[in-house]
Amino acid sequence: MSTKEYELFNRDTTAIIFGLQANAIQRMLDFDMACNRDKPSVVAVVNENKEGWHKVFWGEKEILIPMYRTTRRACEAHPEADVMINFASFRSAYRTSMKAMEEDSIRTLVIIAEGVPERRAREIRNKALTLGKTVIGPATVGGIAAGAFKIANTGGTLENILEAKLHRPGHVGFVSKSGGMSNEAYNIIARNTDGLCEGIAIGGDSFPGSTLFEHVMRYEANPNIGMIVVLGELGGREEYKIVDALNDGKISKPLVAWVTGTCAKILPASIQFGHAGAKADSNEESADAKNEALRKAGALVPKSFDDLDVLIKETYDKLVKTGKFKPAPEITPPPVPNDFSKALSEGLVRRKTEVVTTITDDSGEELLYAGVPISRFIEEGGGIGGVIGLLWFKKKLPKYATDFIELILVLTADHGPAVSGAHNCIVTARAGRDLMSAVASGILTIGPRFGGAVSGAAEMIKGAVDEGLSPAEFVAKMKAKGKNIQGIGHRVKSVRNPDKRVELLKDYAARHFNKTEYLNYALEVEVITTKKKDNLILNVDGCIGILLLDMMCELGFEKEELEEIIANGGLNGLFLLGRTIGLIGHYMDQKRIKEGLYRQPWESILYSLPKEKELETA
Ligand code: ACO
Ligand code: LMR
């Protein structure tokens with residue numbers, strides 16, 4: 001908090017930000033770091049929609065800035081903050097600004113919004129004058145006290161701040177209407193003097209909260225400022241107050257001034273330049289007239305804007321030469337960490353990746369499946385079989401193969417409520433659990449006996465063929481090992497009650513595959529096993545796995561690739577994917593019919609407990 005009349009900001013100034021402006025807040029804190037401040041200049045945020053915390057970087061560490069719903073709460077919690085930077089839109093800037101000025105602790109109010117109605121702007125200024133407060137804006141980027149405090153985005157990026165030596169105070173006081181011109185001027189001043197002490201952009205509206213003249217008079221009173229630079233604009237009479245003060249001898253420091261808009265004279269009528277106030281309605285308000293009046297009153301006015309830098313330099317050098325002040329020492333700012341994402345995008349840093357994917361990329365403009373843009377995939381008529389080809393096998397599969405995959409999904413979608421997966425799903429749904437839990441419960445039953453024998457069947461049959469075993473030798477070997485052949489056997493399907501799904505799969509292969517070497521082998525195995533038991537048929541898992549094996553061989557899958565796919569159990573994914581459709585259906589069905597909690601009927605349970613007297617005591 002500053003107690004000096006002429007000083008709005010110093011190294012202890014802290015601010016409350018109205019509106020959650022994450023970038024502006026971070027830029028202020030990074031500026032604080034560059035100035036070697038010992039504390040952040042932002043102490044609170046007012047966010048009318050949400051109370052809580054706003055996370056920011058303080059150097060390389062993260063800190064939390066409290067967020068309040070009202071300005072009153074923020075000021076009560078942070079009475080030391082005497083600046084409010086109001087980012088409210090033009091619709092609410094008036095209301096929120098008037099409220100802020102009612103807080104005794106707020107001494108300086110910055111209003112960023114453009115488009116605040118003139119009547120409202122005048123009311124804001126009148127209230128500020130009555131309360132002895134300073135308003136900067138509306139329609140401003142703010143201002144900066146070099147080496148001490150920066151308002152929001154003033155000065156631009158940190159690189160520009162450092163280039164303009166704004167991280168430490170020089171001896172020049174600057175004021176203009178335009179934020180853009182201010183940033184440009186800070187660089188001109190840094191190149192031609194020892195830098196800025198304070199710079200203010202009052203905003204381009206016709207009725208600013210504070211005027212060029214008022215800031216000039218603050219600079220006149222500030223002992224740390226040796227010279228003053230003013231950038232005016234055509235339109236209005238503001239600069240004539242400076243002329244009067246010069247004529248009255250109230251400004252003793254060298255004042256370099258330029259009023260922009262001299263080009264207006266060559267244009268047909270008085271036109272509105274960028275700012276609301278930049279329109280000369282009379283000759284007196286023209287840039288030329290103002291420049292001439294300033295020059296006559298003793299201000300240092302260059303012949304054109306292009307000569308401004310030379311005049312600034314001459315003025316500064318003269319002051320130094322006559323011992324008015326010693327140039328400010330150059331200070332190397334401490335390193336301010338760059339945002340990682342920014343540094344990464346600029347190639348300044350790199351990091352090891354944590355995850356590798358070779359199948360999908362969402363980081364660019366369009367999602368890629370195995371390198372194929374999703375829009376092109378759709379244009380080419382791609383369906384779920386094609387997506388599986390790309391995302392599972394990283395291949396553009398031919399239509400007969402994608403159709404085969406889709407046939408598998410259709411045939412495995414469900415097999416009635418009696419099977420393990422459906423049963424668990426139904427019981428879980430009836431226990432009142434959600435979709436994910438019920439489907440997960442069903443999926444957990446998929447394994448070597450139910451639905452999870454697709455890969456195993458392919459692996460076993462391929463192994464037998466690769467080993468050169470006859471089907472009889474293979475069956476005998478499995479028997480000797482006491483191992484069930486994966487893909488053989490079913491609880492209810494049998495030779496007498498064939499599985500239509502298996503028929504459909506075999507029929508499809510017969511019509512579309514060039515050869516089915518592995519299926520033929522499996523069918524010879526089935527002949528042997530069904531001699532032992534009627535239900536030891538080639539089941540749907542086996543048929544799927546073995547025909548996929550035939551298909552991958554036909555499509556030229558490399559041996560290693562094919563064996564890798566089989567060994568990692570990936571082919572079971574087709575049963576899993578297909579059956580998930582049915583499980584979701586069972587869940588929705590149970591919710592639809594609102595069945596209550598399932599309880600196993602007693603008569604369906606065999607109770608076979610030991611007699612208590614048989615229990616061995618330890
Ligand atoms: N290979 C060799 N012998 C078998 C096989 C098999 N796949 N399946 C059962 N048998 C034998 C058993 O060894 C047993 O012989 P035994 O009487 O001499 O002891 C006899 O047949 C009965 O065995 P059970 O396990 O009681 O038979 P069940 O009909 O209950 O088994 C099952 C059905 C679980 C599918 C079984 O055949 C099996 O484990 N198959 C291999 C795994 C598989 O393919 N699962 C997918 C099923 S289809 C699907 O889930 C969509
Ligand atoms: C299924 O697809 O769920 C079945 O083949 C298993 C079964 O027991 O019917």
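Residues numbered from 1 in each chain as written. Chains lettered and ligands numbered in written order. Predicted model: local features only at pLDDT ≥ 70, side-chain atom pairs only at ≥ 80, totals over all residues. Heavy atoms only, no water.

Student: If you had to explain helix 23 (residues 572–593) to someone new, which residues and values would you point to?
Tutor: Compared with an ideal rise of 1.5 Å per residue, which puts 22 residues at 32 Å, helix 23 spans 31 Å between its outermost C-alpha atoms and is within 8% of the ideal. Where helix 23 bends most, the angle comes to about 25 degrees, and this point is Thr580. All of the buried residues in helix 23 are Asn572, Gly573, Leu574, Phe575, Gly578, Arg579, Thr580, Gly582, Leu583, His586, Tyr587 and Gln590. Positive backbone phi, at 55 degrees, marks Lys594, one or two positions downstream of helix 23. (Helix = DSSP H or I, 4+ residues; strand = E, 2+ residues; numbered from the N terminus. Expected span 1.5 Å × (residues − 1). Bend = angle between axes of the 7 residues up to and from the residue. Buried < 20%, exposed > 50% of the residue type's maximum accessible area, 1.4 Å probe, protein only.)

Student: How would you sum up the sheet that holds strand 16 (residues 372–373)? Please name residues and give values.
Tutor: Read from one edge of the open sheet, 3 strands run 14-15-16, paired in antiparallel fashion. In this open sheet, the two strands that pair with only one neighbour each are strand 14 (360–361) and strand 16. In terms of strand pairing, strand 14 meets strand 15 (residues 368–369) through 2 bridges, oriented antiparallel. When the sheet's bridge partners are listed, Thr360 is paired in strand 15 with Tyr369. (Pairing = 2+ DSSP bridges.)

Student: So what about the side chain of Asn539? Which residues, and what values?
Tutor: With respect to the helices and strands, the residue Asn539 is situated in the loop between helix 20 (517–532) and helix 21 (540–554). Take Asn539: its relative accessible area is 9%, and that puts it in the buried class. In this structure the side chain of Asn539 is engaged in a polar contact, spanning 3.1 Å, whose partner is the backbone nitrogen of Asp541. Once residues within four sequence positions are removed from consideration, Asn539 is found in contact with Gly487, Ile488, Gly489, His490 and Val502. (Polar contact = N/O pair within 3.5 Å; in protein donor to acceptor, adjacent residues only side chain to side chain. Contact = heavy atoms within 4.5 Å.)

Student: Quick one: what's the story with the pattern of salt bridges, residue by residue and with numbers?
Tutor: Summed over the entire model, instances satisfying the criterion amount to 34 salt bridges. In this structure, the salt-bridge partner of Asp499 is Arg501, at a minimum N-O distance of 2.7 Å. The residues Asp499 and Arg501 share a single accessibility class, namely buried. One salt-bridge network, in which partners are shared between bridges, spans Lys462, Asp466, Lys559 and Glu563. (Salt bridge = Lys/Arg side-chain N within 4 Å of Asp/Glu carboxyl O.)

Student: Could you give an account of the site of ligand 2, naming the residues involved and the relevant values?
Tutor: The full set of residues close to ligand 2 is His415, Val419, Phe450, His490, Arg501, Phe575 and Arg579. For ligand 2, an oxygen atom lies 2.6 Å from a polar atom in the side chain of His415. Here Arg579 contributes a side-chain N or O atom positioned 2.7 Å from an oxygen atom of ligand 2. Considered on its own, ligand 2 offers 260 Å² of accessible surface; in the complex 87% of this is hidden by protein. Its residues assigned to classes, the shell around ligand 2 comprises 3 nonpolar, 2 polar and 2 charged. (Near = heavy atom within 4 Å. Areas by Shrake-Rupley, 256 points an atom, 1.4 Å probe, with all protein chains shown as cover. Nonpolar A, V, L, I, M, F, W, Y, C, P; charged D, E, K, R; others polar.)

Student: Lay out the site of ligand 1 in plain terms, naming residues and giving numbers.
Tutor: The local shell around ligand 1 holds 22 residues, among which Gly451, Ile485, Gly487, Ile488 and Asn539 are the closest. Contact distances for ligand 1 include 2.8 Å between an oxygen atom and a side-chain N or O atom of Asn539. Taken by itself ligand 1 offers 910 Å² of open surface, and the protein chains cover 71% of this. One can see that ligand 1 is located within the largest pocket. Residues belonging to the shell around ligand 1 are distributed by class as follows: 8 nonpolar, 8 polar and 6 charged. (1 Å grid on protein atoms, 1.4 Å probe; cavity = no way out; pocket = protein on both sides within 12 Å on 5 of 7 lines; lining within 4 Å. Sits in = over half its atoms within 2 Å of the grid points.)

Student: Any chance you could break down the layout of surface pockets for me, citing the residues and the numbers?
Tutor: Which parts of space are left empty comes out when a probe the size of a water molecule is rolled across the atoms. As a volume, the largest pocket reaches approximately 1200 Å³. In terms of lining, the largest pocket is formed by 35 residues, of which the most central are Arg449, Ile488, Gly489, His490 and Asn539. Elements with a minimum of two residues in the lining of the largest pocket: helix 18 (471–481), helix 20, helix 21 and helix 23. Within the lining of the largest pocket, the residues separate by chemical class into 14 nonpolar, 12 polar and 9 charged. In this structure, the second largest pocket spans a volume of roughly 480 Å³. In terms of lining, the second largest pocket is formed by 25 residues, of which the most central are Gln26, Arg27, Asp30, Asp339 and Lys342. For the lining of the second largest pocket, the elements supplying multiple residues, two or more each, are helix 1 (22–34), strand 3 (52–58) and helix 5 (158–163). It is helix 1 that contributes the most residues to the lining of the second largest pocket, 7 residues altogether. (Points joined across faces, edges and corners; volume = space filled by probe spheres on them.)

Student: Lay out the domain arrangement of the protein with the relevant residues and their values.
Tutor: Many descriptions give the size of an interface as the accessible area lost when the pieces come together. Its domain assignment divides the protein into domain 1 (7–321), domain 2 (360–411) and domain 3 (412–592). Look at where the C-alpha atoms of domain 1 and domain 3 centre, and you get two points 75 Å apart. (Domains from an automatic or database assignment.)

Student: I'd like a description of the sheet that holds strand 4 (residues 61–68), backed by residues and values.
Tutor: In spatial order, the strands read 3-4-2-1-5-6-7; together these 7 strands make up an open sheet with mixed pairing. Of all strands in the sheet, those bounded by a partner on one side alone are strand 3 and strand 7 (134–136). Ignoring which end each strand starts from, the neighbouring axes of this sheet average 25 degrees apart. Two elements, strand 6 (residues 108–111) and strand 7, share 3 bridges in a ladder whose sense is parallel. Paired with Val110 across the strands is Ile136, a residue of strand 7. (Axes fitted to C-alpha atoms, helices over the stretch in contact; angles between N-to-C directions.)

Student: Would you mind going over the pairing of strand 10 (residues 172–176) in detail, with residue names and values included?
Tutor: Counting buried positions along strand 10 gives 5 out of 5 residues, so the element sits mostly inside the fold. Taking every second residue as pointing to the same face, both faces of strand 10 are buried, with Val172, Phe174 and Ser176 on one and Gly173 and Val175 on the other. In this sheet, strand 11 (residues 196–201) lies alongside strand 10 in parallel orientation, the contact comprising 5 bridges. Within strand 11, the residue paired with Gly173 across the bridge is Glu198. For the segment spanning strand 10, helix 6 (residues 179–192) and strand 11, crossover handedness is right-handed. (Right-handed = clockwise from strand over helix to strand, strands pointing away.)

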